[in-house]
Amino acid sequence: MTAIPFVETRGAAGYLRTPTAEIERLRWSDAGWSLGESPDGLPGIEALRPLRGLSVEWPGAMTEQERRAALDGLMNLAFAGVPLTSALPDRVPDWVSPDFAALLTDRGWLSVNREAGPRCLADLRREEHSVRLRRLAPRPALTPTVSVVMSSKRPHLLASALAQIALQRHVEVEVLLGLHGIADHPLARRAVEECELPISVVSADAGTPFGALLDLAAARASGEFVAKWDDDDWYGPEHLSDLLLARRASGADIVGTAAEFFYLEPLTTTIRRISYTSEVWTDFVAGGTILLARDDFPGFEPLPRGVDAALLKSQHARGARIYRAHGLGYVLRRSHSEGHTWQLPLAHFLKVAHNQWRGFRPSLLLEAS
């Protein structure tokens, strides 16, 4: 590999889910952090992507300036999503923060059996570790404000959906809720009354196009960002902050996640598909995960279905840059009875599954109890 000076990367863009090379040693030298015995410093991030990870060999005595440089280099690698571990877990120096040290000494992602074939969990555990490292990136001085837009015609799902929004970390959230023909339902009223977040409710009869109601709700947004939310899906508590981190790193106009995890309710089965790659520029993200700046939000078209796809298509045609981040903190629900705005048979999801589990088995990043 030709060595080039290491600089802060644009986040995890280009992350490889399945490594093709083993873990390399990361050693401090006169050139800074280096691979193995190389005297030339680190190669570029793209050259590190195929590695399963880097094992940090801690230097001995260092000056304060060297410590700062060493920590900056490690944090840059973490921000880029390069999996890191400590070669000597009991010797992490005190100039490494406790949160960072805890991740470096967590070897759970390394203990998964990699000989179980392409459907094993090793790559998933490795990616979860990578995402946790990315989250160590310094946060903005001001907490981002996000207007979460959601429409529902399923009153029995509202309390759960609003509770998940309330659990979002590192953001300030307001909820813009469209009630689609259920404004008078007791479950809907109770969910709204018990919501602890700022909430604005717009109601319309069941004949109002889905997109029209969403747009009425979104028109009330006051946050710096607008995020789409689906009432029947599951979101991890760092879903929004992960999207904002990906947006800040990539410079994208629109960010969203890959649609990876699906819970097939009639079959009580969870599947994961990875045909949609993540950490890439694209023209498509999962509709329930779209996030963009409020100043760039064009509104939703008054369509009965396909509202998310129409928004992405129109914005991409106008030159908007769309980035698809990891989908580990998001699970889509599919059932026979809920009347989804897009329809595919359950057999389709089983056919495209890379992993399949009995029961509800999301990524660990969903933090499901």
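Everything quoted here is computed from the prediction, not taken from an experiment.

*Asks:* For this particular structure, what's the right way to read the sheet that holds strand S11 (residues 261-264)?
*Replies:* The strands making up a sheet associate through backbone hydrogen bonding, with each pair oriented either parallel or antiparallel. Reading across from one edge, S9-S16-S11-S12-S17 is the order of the five strands in this open sheet, with mixed pairing throughout. In the strand order of this sheet, the two ends are held by strand S9 (234-235) and strand S17 (355-358), each with one partner. Inspection of the sheet shows strand S12 (residues 269-272) paired to S17 by four bridges, in the antiparallel sense. If you follow Arg-272 over to S17, its bridge partner there is Asn-355.

*Asks:* Whenever I open this one, the sheet that holds strand S5 (residues 145-152) confuses me. Can you help?
*Replies:* Reading across from one edge, S7-S6-S5-S8-S14-S10-S15-S13 is the order of the eight strands in this open sheet, with mixed pairing throughout. Two strands bound the open sheet, and with one partner strand each, they are strand S7 (199-204) and strand S13 (280-282). Each strand axis lies, on average, 25 degrees off the axis of its neighbour in the sheet, ignoring direction. One ladder, built from three bridges, connects strand S8 (residues 225-228) with strand S14 (residues 291-293); its direction is antiparallel. What sits directly across from Ala-227, in S14, is Leu-291.

*Asks:* Explain the pattern of salt bridges here, please?
*Replies:* Side chains carrying opposite charge are able to pair once their charged atoms draw close together. Applying the stated criterion across every chain, the model contains 20 salt bridges. Notably, a salt bridge pairs Glu-279 with Arg-134, separated by 2.9 Å at the nearest N-O pair. Residue Glu-279 is found in the loop between S12 and S13, and its partner Arg-134 is found in helix H4 (residues 122-134); the two are separated by 145 residues along the sequence. What makes Arg-134 buried here is its relative accessible area of 5%. Residues Glu-260 and Arg-272 are paired through a salt bridge, measuring 2.9 Å at the closest nitrogen-oxygen approach. Here Glu-260, found in the loop between strand S10 (254-257) and S11, pairs with Arg-272, found in strand S12; they are 12 residues apart in sequence, far enough to count as distant.

*Asks:* Help me understand the packing of aromatic side chains, please; the structure alone is not making it clear to me.
*Replies:* How two aromatic rings sit relative to each other is given by the distance of their centres and the angle of their planes. Within this structure, the stated rule accounts for 12 aromatic pairs. Centroid distance Tyr-235 to Tyr-330: 5.0 Å. Interplanar angle 45 degrees. Geometry classified as tilted. Separated by 95 residues along the polypeptide, Tyr-235 in strand S9 and Tyr-330 in strand S16 (residues 330-334) bring together distant segments of the chain. For Tyr-235, a relative accessible area of 3% translates into the label buried.

*Asks:* Just to check I follow, could you spell out H4 for this structure?
*Replies:* Owing to its 3.6 residues per turn, the α-helix brings residues three or four apart onto one side. With 13 residues, H4 extends 19 Å from end C-alpha to end C-alpha; this agrees with the ideal 18 Å at 1.5 Å per step. Of all 13 residues in H4, 11 are buried, a share of seventy percent or more. Among all positions in H4, only Ala-122, Leu-124, Arg-125, Arg-126, Glu-127, Glu-128, His-129, Ser-130, Val-131, Leu-133 and Arg-134 are buried. Along its buried surface, H4 packs onto helix H2 (64-79), strand S4 (84-86), helix H3 (98-104), helix H8 (239-250), S11 and S12.

*Asks:* Would you explain the nonpolar core in this entry?
*Replies:* Nonpolar side chains tend to gather and get buried jointly when the protein is soluble and globular. In terms of nonpolar packing, the biggest core is built from 42 residues, with Val-146, Met-150, Leu-158, Ile-165, Leu-240 and Leu-291 touching the most fellow members. Contact partners of Leu-291, with chain neighbours within four places excluded, come to Phe-225, Val-226, Ala-227, Leu-240, Leu-243, Leu-244, Arg-247, Asp-253, Ile-254 and Val-255. Among the nonpolar cores identified, the runner-up in size contains 26 residues, and Trp-28, Leu-51, Met-62 and Val-96 belong to it.

*Asks:* What is the right way to look at the side chain of Glu-127 in this model?
*Replies:* You can see Glu-127 is positioned in helix H4. Beyond its immediate chain neighbours, meaning those up to four positions away, Glu-127 contacts Tyr-15, Arg-17, Arg-134, Arg-272, Ser-278, His-326 and Leu-328.

Analysis parameters
- Residues numbered from 1 in each chain as written.
- Predicted model: local features only at pLDDT ≥ 70, side-chain atom pairs only at ≥ 80, totals over all residues.
- Heavy atoms only, no water.
- Pairing = 2+ DSSP bridges.
- Helix = DSSP H or I, 4+ residues; strand = E, 2+ residues; numbered from the N terminus.
- Axes fitted to C-alpha atoms, helices over the stretch in contact; angles between N-to-C directions.
- Salt bridge = Lys/Arg side-chain N within 4 Å of Asp/Glu carboxyl O.
- Buried < 20%, exposed > 50% of the residue type's maximum accessible area, 1.4 Å probe, protein only.
- Phe/Tyr/Trp six-rings, centres within 6.5 Å; stacked < 30°, edge-to-face > 60°.
- Expected span 1.5 Å × (residues − 1).
- Contact = heavy atoms within 4.5 Å.
- Core = buried A, V, L, I, M, F, W, Y, C linked by side-chain atoms within 4.5 Å.

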